Amino acid sequence: MLKQQSHIVAPIPEELRTRALFTVEELRGRGKADKEAIDKLYNLIVEMTEEGLDFFFLEPLRRLNAGNMMMSMAKMGIGSMLKGSKMVIHKVLKKLDDRSLHSILDFVEEIIHEPETAA
């Protein structure tokens, strides 16, 4: 669905991509929105969120060779955003049922793509 729309892209490390897809497959196979599944999904979403925040907010500053003070202020702001996001993610996930778990897993799978090969 996303490829049929304009979208923005944030790179993630290959290790995170592999782990995310493995986690999706594992949780889909178990099919239960139990505490272990929710904890694994929470950790995955938080890590992906951290990568996205770094790319969209800190990478432009790195490319502009921003000074230490600017980077520190940006990191503090991002830290506050991440803290708020974690609270919301946790509240949403702890109420997850089996059907909703599968919907979230579908979404995670949908937003992860392999790198394009150079021509």
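## Overview of the nonpolar core
Working step 1: If you look at the biggest cluster of nonpolar residues, it comprises 20 residues, and the most contacted ones within it are Leu41, Met48, Leu93 and Leu96.
Working step 2: Counting only elements with at least two residues in this core, the list comes to α1 (14-30), α2 (35-63), α3 (68-93) and α4 (98-111).
Working step 3: The greatest single-element share of this core, amounting to eight residues, is contributed by α2.
Working step 4: Leu53, Leu61, Met71 and Leu82 belong to the second-largest nonpolar core, a separate cluster that totals seven residues.

## Description of the layout of surface pockets
Working step 1: Of the voids in this model, the largest pocket is the one considered here, and its volume is about 850 Å³.
Working step 2: Of all the elements in the fold, those that place two or more residues in the lining of the largest pocket are α1, α2 and α4.
Working step 3: Residues that form the lining of the largest pocket fall into these classes: 16 nonpolar, four polar and five charged.

## Observations concerning a nonpolar patch on the surface
Working step 1: Together, Ile8, Phe56, Phe57 and Met81 make up a nonpolar patch on the protein surface, roughly 400 Å² of accessible area in all.
Working step 2: Mapping phenylalanine 57 onto the fold places it in helix α2.
Working step 3: On the accessibility criterion, phenylalanine 57 (42% relative accessible area) is partly exposed.

## Here we look at α1
Working step 1: If you check α1, its first and last C-alpha atoms are 24 Å apart, about what 17 residues at 1.5 Å a residue would give, namely 24 Å.
Working step 2: Along α1, the positions that sit buried rather than exposed are Leu16, Arg17, Ala20, Thr23, Val24 and Leu27. Mapping the buried residues of α1 onto a view down its axis gives an arc of 130 degrees, with all of them on the same face. Turned more than 90 degrees off the buried face of α1, the exposed positions are Phe22, Glu25 and Gly29.
Working step 3: Each element contacted by the buried residues of α1 is listed here: α2 and α4.

Parameters and conventions
Positions within a chain are numbered from 1, following the residues in the order the chain's sequence is written. In keeping with the model being predicted, local features are shown solely for residues with a pLDDT of at least 70 and side-chain atom pairs are shown and tallied solely at 80 or more, while totals for entire chains, interfaces and linings include all residues. With hydrogens and water set aside, each side-chain value is computed from the structure's full complement of heavy atoms. As used here, the term nonpolar core means buried Ala, Val, Leu, Ile, Met, Phe, Trp, Tyr and Cys residues forming a set that is joined through side-chain atoms within 4.5 Å. The rule is simple: take the accessible area with a 1.4 Å probe, protein chains only, and divide by the maximum for that residue type; under 20% is buried, over 50% is exposed, in between is partly exposed. Here a helix means four or more residues in a row that DSSP labels H or I, a strand means two or more in a row labelled E, and each is numbered from the N terminus. Cavities and pockets are defined on a 1 Å grid built over the protein atoms alone: a cavity is a set of grid points where a 1.4 Å probe fits but cannot escape, while a pocket is an open set with protein on both sides within 12 Å along at least five of seven lines, and lining residues are those with an atom within 4 Å of any such point. Grid points are joined across faces, edges and corners, and a volume is the space filled by probe spheres set on the points. Residue type decides the class: Asp, Glu, Lys and Arg count as charged, Ala, Val, Leu, Ile, Met, Phe, Trp, Tyr, Cys and Pro as nonpolar, and the leftover types, Gly among them, as polar. Here the term patch refers to residues with relative accessible area over 30% and no salt bridge, with like charges joined within 9 Å and nonpolar side chains (Val, Leu, Ile, Met, Phe, Trp, Tyr) within 5 Å. The protein chains shown are the only cover counted for residues, whose accessible areas, like all others here, come from Shrake-Rupley with a 1.4 Å probe. Basic side-chain nitrogens of Lys or Arg form a salt bridge, by our definition, when they fall within 4 Å of a carboxyl oxygen of Asp or Glu. In a helix, the anticipated span is given by 1.5 Å times the number of residues less one. To be clear, the arc concerns the directions from the helix axis to the C-beta atoms. Contacts were defined at the residue level, with two residues in contact if any of their heavy atoms lie within 4.5 Å.

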